[in-house]
Amino acid sequence: MIESLGISGAFVLTPDVHRDRRGDFLELLRSEELSEHTGVRFRLEQASCATNVRGVLRGIHYADVPPGQAKYVVCVSGTVLDVIVDLRTGSPTFGDWASVRLGEGAYRGVFLREGLGHAYVALSEHSTMVYLCSQAYAPQREHGVHPLDPEIGITWPDDVEPILSDKDALAPGLRSARQQGLLPEYRTCLRHYGEPTAGR
């Protein structure tokens, strides 16, 4: 099942899980099904993996558009709170965010289009995240917005002390990033990638 998260280009995917005495089997992603439900043709260029201790907060990360970087993200062990933020200036939902709890054997994944920001915080003592990306990592095109920016107002869990990288801790807030011209433009994203459908 593929559902919109209320931000254009952000979806949660919940696969069918086949369980028996040996364990579970599922398909994490079918590009044809993703395209059918969202209008997005996802092309895989890089797969990445991150392990985390409790409290690690990564993000809010995004890449210049074009080319941008679409992502499909799953938590394959442990639990995280995954967050998508609309950083596209001119978007009807600019500054809005949506969160999804990933892991705990639920096997859900999050797909986000180019121009959207991504972050998560690790809730369990150990967790492992896998990212499938439409473009390879390119440091010169990668940017961040501070995940604790009160203007965005993400509701992070109260019982988790966030652990940020130096780079994320020094990232600008949303207003500063916008004033500096660092954020992607919604119309540029539409021109390059089109408007996805709403999902189901």
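Worth saying up front: this structure is predicted, and the values here are computed from it rather than measured. (Residues numbered from 1 in each chain as written. Predicted model: local features only at pLDDT ≥ 70, side-chain atom pairs only at ≥ 80, totals over all residues. Heavy atoms only, no water.)

S.K.: When you look at the sheet that holds strand E1 (residues 2-4) in this model, what are you seeing that I'm missing?
M.R.: Sheet architecture is open: six strands sit in the order E1-E2-E10-E7-E12-E5, paired in antiparallel fashion. Edge positions in the open sheet fall to E1 and strand E5 (46-53), since each of these has one partner strand only. Between one strand axis and the next, the sheet turns through 25° on average, direction left out of account. In the sheet, E1 pairs with strand E2 (residues 10-13) via three bridges, with the strands oriented antiparallel. By the bridge assignment for E2, Glu3 is matched with Val12. Along the sheet face, helix H1 (residues 31-38) touches E1, E2 and strand E10 (109-112) and points at about 40° away from the line of E1. (Pairing = 2+ DSSP bridges. Helix = DSSP H or I, 4+ residues; strand = E, 2+ residues; numbered from the N terminus. Axes fitted to C-alpha atoms, helices over the stretch in contact; angles between N-to-C directions. Contact = heavy atoms within 4.5 Å.)

S.K.: What am I meant to see in the UniProt feature "active site" (unreviewed entry) in the protein chain here?
M.R.: The UniProt record annotates "active site" (unreviewed entry) at His61 and Tyr131. Maximum C-alpha separation among the annotated residues is 12.7 Å over a sequence range of 71 residues, consistent with a single clustered spot. Relative to the assigned elements, His61 resides in strand E6 (residues 57-63). Relative accessible area serves as the criterion here: at 27%, His61 is assigned to the partly exposed category. Look past the residues within four positions of His61 in its chain and what remains in contact with it is Lys71, Leu116, Gly117, His118, His143 and Asp168. Polar side-chain contacts of His61 include one of 3.3 Å to the backbone nitrogen of Gly59. (UniProt positions renumbered as here; feature names shortened; annotations may be inferred. Buried < 20%, exposed > 50% of the residue type's maximum accessible area, 1.4 Å probe, protein only. Polar contact = N/O pair within 3.5 Å; in protein donor to acceptor, adjacent residues only side chain to side chain.)

S.K.: Help me understand the side chain of Asp168, please; the structure alone is not making it clear to me.
M.R.: Note on placement: Asp168 falls in helix H2 (residues 166-169). Summary of buried charges: Asp168 has no salt-bridge partner, and the nearest side chain of opposite charge, Lys167, is 6.3 Å away. Those residues in contact with Asp168, other than ones at most four positions away along the chain, are Leu57, Arg58, Gly59, His61, His146 and Pro147. (Lys, Arg positive; Asp, Glu negative; His and termini not counted. Salt bridge = Lys/Arg side-chain N within 4 Å of Asp/Glu carboxyl O.)

S.K.: How should I be thinking about the environment of Phe94 in this particular structure?
M.R.: For Phe94, the location among the structural elements is in the loop between strand E8 (79-86) and strand E9 (97-103). Leave out the neighbours within four places in its chain, and Phe94 touches Asp86, Leu87, Arg88, Thr89, Leu174, Arg178 and Leu183.

S.K.: Before we go on, may I ask you to explain unusual backbone geometry in this structure?
M.R.: What you tend to see is this: most non-glycine residues have negative phi, and most peptide bonds are trans. Here the bond from Gly59 into Ile60 is cis, since omega is 10°, no more than 30 degrees from zero. By secondary structure assignment, the location of Ile60 is in strand E6. Of the consecutive residues Pro66 and Pro67, the connecting peptide bond is found in the cis state with omega at 0°. As for its placement among the helices and strands, Pro67 is situated in the loop between E6 and strand E7 (71-77). The phi dihedral of Tyr107 is positive, around 65°, even though this residue is not glycine. With respect to the helices and strands, the residue Tyr107 is situated in the loop between E9 and E10. On the accessibility criterion, Tyr107 (25% relative accessible area) is partly exposed.

S.K.: Explain the sheet that holds E6 here, please?
M.R.: To summarise the sheet geometry, strands pair through backbone hydrogen bonds and adopt either a parallel or an antiparallel arrangement. One open sheet holds the five strands; their spatial order is E9-E8-E11-E6-E13, and the pairing between them is antiparallel. Edge positions in the sheet fall to E9 and strand E13 (142-144), since each has one partner strand and no second. Here the average twist between neighbouring strands, direction ignored, is 25°. Two elements, E6 and E13, share three bridges in a ladder whose sense is antiparallel. Looking at the pairing, His61 lines up with Gly144 of E13.

S.K.: Explain a negative patch on the surface to me, please; I cannot follow it from the model alone.
M.R.: Where like charges cluster on the molecular surface, the negative patch consists of Asp16, Glu32, Glu33 and Glu36. Along the chain, the position of Glu32 falls in helix H1. (Patch = residues over 30% accessible without salt bridge, like charges linked within 9 Å, V, L, I, M, F, W, Y side chains within 5 Å. Areas by Shrake-Rupley, 256 points an atom, 1.4 Å probe, with all protein chains shown as cover. Charge placed at Lys NZ, Arg CZ, Asp CG, Glu CD.)

S.K.: It is not clear to me how the pattern of salt bridges should be interpreted in this structure. Could you clarify?
M.R.: A side chain with one charge may pair with a side chain of the opposite charge, provided their charged atoms come close. The final tally for this structure, using the stated rule, is ten salt bridges. Among the ionic pairs, Arg54 bridges to Asp159, the shortest N-O distance being 3.7 Å. Taken as a pair, Arg54 in the loop between E5 and E6 and Asp159 in the loop between E13 and H2 lie far apart in primary sequence, 105 residues in all. Accessibility expressed as a relative area gives 27% for Arg54, which makes it partly exposed. A relative accessible area of 57% means that Asp159 is categorised as exposed.

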